[in-house]
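Below, each chain spelled out in residue letters.
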Amino acid sequence: MEKYPVYIDGTQCGSLRVYHDGLMTVFDAECRCGERLVRLSIYGGCKSAAIGVMQPEKGRLRLVKRFSRAQMRTLPQTIEYAADKPLKPAKEHEQSENDGLLWFSTPQGFLTCFDGRQSLIAIPSVMCASTRTKPILRTINGREYAVFPGKRNFPSK
């Protein structure tokens, strides 16, 4: 099971759990923001997709939606957060930490880029329990990553 933050009106107020139930993937979102209907979308890898409408249930908003494998292909492969609208970068320095690099996401949830000298691989910091080499920690698109140099580098001139 994976867990992601839910933002309503730019404020984190709940969580989205994603898990498998047989052949289906279940999106289970719950938050404490109000009594109104909210259309929830997931965001990640520079993509977004609406997953449904959160409805009031016992003083909270709730959405449980099941997706087949074919339906999952239309959704972003990596999820960063769920929200009613896209978030703006929280801090100015988060954008400058990217150093103008263009990061590409992999199906495994990693990021990769080429900085002009070498390939870089960014792994979500929660996945890096222990490594032999010390990673460089960076915030990329509002998420903490451990960045390592790639194994295949172009020769320098």
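Structure report, in brief.

Before going further, it helps to spend a moment on the pairing of strand 6 (residues 60-67). Relative to strand 6, strand 3 (residues 24-31) runs antiparallel, the two sharing seven bridges. For Val26, the partnering residue across the bridge sits in strand 6 and is Arg66. Both strand 5 (residues 47-57) and strand 6 contribute to a ladder of three bridges, which runs antiparallel. Note on strand 6: the bridge partner recorded for Pro56 is Leu61.

On any regular strand, side chains alternate: one points to one face of the sheet, the next to the other face. Here strand 4 (residues 38-44) lies mainly inside the structure; six of its seven residues are buried. Between strand 4 and strand 5, which follow one another and run antiparallel, lie two residues, and Gly45 among them has a positive phi close to 60 degrees.

A word on the pattern of salt bridges. Counted under the stated rule, the structure contains seven salt bridges. Across the pair Arg36 and Asp9 runs a salt bridge, and its minimum N-O distance is 2.6 Å. Placement of the pair is Arg36 in the loop between strand 3 and strand 4 and Asp9 in the loop between strand 1 (2-8) and strand 2 (11-21), with a sequence separation of 27 residues. In this structure Arg36 comes out as partly exposed when scored by relative accessible area, which is 40%. Look at Asp9 and you get partly exposed, because its relative accessible area is 46%. Taking the shortest distance from any N to any O, the salt bridge between Glu57 and Arg62 comes out at 3.4 Å.

On to the nonpolar core, then. Grouped together as the largest cluster of nonpolar side chains are 22 residues, with contacts concentrated most on Leu16, Phe27, Leu40, Ile42 and Ile51. Counting residues per element, the ones that place at least two in this core are strand 1, strand 2, strand 3, strand 4, strand 5 and strand 6. For Ile51, the residues in contact, after removing those within four places along its chain, are Leu16, Phe27, Leu40, Ser41, Ile42, Leu63, Lys65, Phe67 and Leu75. One finds Trp103, Ile140, Tyr145 and Val147 within the second-largest nonpolar core, a separate group that totals nine residues.

This next bit is on the environment of Tyr4. Within the element layout of this structure, Tyr4 appears in strand 1. For the pair formed by Tyr4 and Ile42, sequence separation is 38 residues and the distance between their alpha carbons is 9.5 Å. Leaving out residues up to four positions away in the same chain, Tyr4 has contacts with Gly14, Ser15, Leu16, Val18, Ile79, Glu80 and Tyr81.

Mapped onto the elements, Asp28 comes out in strand 3. Among the polar contacts made by the side chain of Asp28, one reaches the side chain of Arg17 at a distance of 2.8 Å. Side-chain polar atoms of Asp28 contact the side chain of Arg62, separated by 3.0 Å. Setting aside residues up to four positions removed in sequence, Asp28 forms contacts with Ser15, Leu16, Arg17, Tyr19, Arg62, Leu63 and Val64.

Next up on the list: the environment of Ala50. Note on placement: Ala50 falls in strand 5. Ala50 sits 34 residues away from Asp84 along the chain, and the two C-alpha atoms are 8.9 Å apart. Beyond its immediate sequence surroundings of up to four residues, Ala50 is in contact with Arg39, Leu40 and Ser41.

Thresholds applied
- Residues numbered from 1 in each chain as written.
- Predicted model: local features only at pLDDT ≥ 70, side-chain atom pairs only at ≥ 80, totals over all residues.
- Heavy atoms only, no water.
- Pairing = 2+ DSSP bridges.
- Helix = DSSP H or I, 4+ residues; strand = E, 2+ residues; numbered from the N terminus.
- Buried < 20%, exposed > 50% of the residue type's maximum accessible area, 1.4 Å probe, protein only.
- Salt bridge = Lys/Arg side-chain N within 4 Å of Asp/Glu carboxyl O.
- Core = buried A, V, L, I, M, F, W, Y, C linked by side-chain atoms within 4.5 Å.
- Contact = heavy atoms within 4.5 Å.
- Polar contact = N/O pair within 3.5 Å; in protein donor to acceptor, adjacent residues only side chain to side chain.

Function-wise, these values are silent; they only describe arrangement.
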